[in-house]
Amino acid sequence: QVQLVESGGGSVQAGGSLRLSCVASGRAFSSLIMGWFRQAPGKERESVAVISRSGGSTYYADSVKGRFTISRDNAKNTVYLQMNSLKSEDTAFYYCAASTAVDLSIHVRWYDFWGQGTQVTVSS
């Protein structure tokens, strides 16, 4: 079992920045693929960014490329999401997730463990 705890959400004006953090426990962090997902009211949960076990490979949704950066610190059991140039359409509940799959995946169904989420609100 893996426990994930997110922090760093909040309210910001358009153009601003936030950094989300997610601390994992319960399993060797370096054995997990990690991802950030988000869900806006009335919409399906969607992938934002994922990162491989070593941190050497990443994937970003087109909507956040060039603005968001995912990173991880295996020594601290933590994955981060740096969000810059935020837009109102980035407003959503953001979830950290962990996968034990063999390959890096962007699909929600491949993620076995989820955090409780943190709200990000961007006002224009």
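Let me sum up the structure you'll find in this document.

So, how was this worked out
Residues numbered from 1 in each chain as written. Predicted model: local features only at pLDDT ≥ 70, side-chain atom pairs only at ≥ 80, totals over all residues. Heavy atoms only, no water. Buried < 20%, exposed > 50% of the residue type's maximum accessible area, 1.4 Å probe, protein only. Helix = DSSP H or I, 4+ residues; strand = E, 2+ residues; numbered from the N terminus. Pairing = 2+ DSSP bridges. Phe/Tyr/Trp six-rings, centres within 6.5 Å; stacked < 30°, edge-to-face > 60°. Lys NZ or Arg CZ within 6 Å of the ring centre and 35° of its normal.

Burial of the side chains of strand 1 (residues 3-7) is restricted to one face: Leu4 and Glu6 are buried, whereas none of Gln3, Val5 and Ser7 on the reverse face is. Summarising the sheet, strand 1 and strand 3 (residues 18-25) pair through five bridges and their orientation is antiparallel. Its bridge partner being in strand 3, valine 5 is matched across the sheet by valine 23.

Okay, the pairing of strand 4 (residues 33-39) next. The buried fraction of strand 4 amounts to six of the seven residues, a majority that puts the element mostly inside the structure. As defined by bridge partners, strand 4 adjoins strand 9 (residues 92-99) across seven bridges and the pair is classed as antiparallel. Bridging across to strand 9, methionine 34 finds its partner in alanine 98. In this structure, strand 4 lies alongside strand 5 (residues 46-51), joined through five bridges in antiparallel fashion. By the bridge assignment, arginine 38 is partnered in strand 5 with glutamate 46. Joining the antiparallel neighbours strand 4 and strand 5 is a turn of six residues, in which glycine 42 adopts a positive phi near 80°.

So, on to the packing of aromatic side chains. The way to describe two aromatic rings as a pair is by their centre distance and the angle between their planes. Tallied over the full model, the rule gives five aromatic pairs. Summarising the aromatic geometry, the rings of phenylalanine 37 and tyrosine 111 are spaced 4.9 Å apart at their centres and angled 70° between planes, so their arrangement reads as edge-to-face. Placement of phenylalanine 37 in strand 4 and of tyrosine 111 in the loop between strand 9 and strand 10 (113-114) is noted, with a sequence separation of 74 residues between them. Between tyrosine 95 and tryptophan 114, the ring centres sit 6.4 Å apart and the planes meet at 80°, which makes this aromatic pair edge-to-face. Note that tyrosine 95 is positioned in strand 9 and tryptophan 114 in strand 10, a separation of 19 residues in sequence. Taking relative accessible area as the criterion, tyrosine 95 reaches 14% and is therefore assigned buried. Tryptophan 114 sits in the partly exposed class, given a relative accessible area of 26%. Among the aromatic residues, ring-to-ring pairing joins Phe37, Phe93, Tyr95, Tyr111 and Trp114 into one connected group. Over the face of the ring belonging to tyrosine 95 we find arginine 45, whose NZ or CZ atom lies 3.8 Å from the ring centre.

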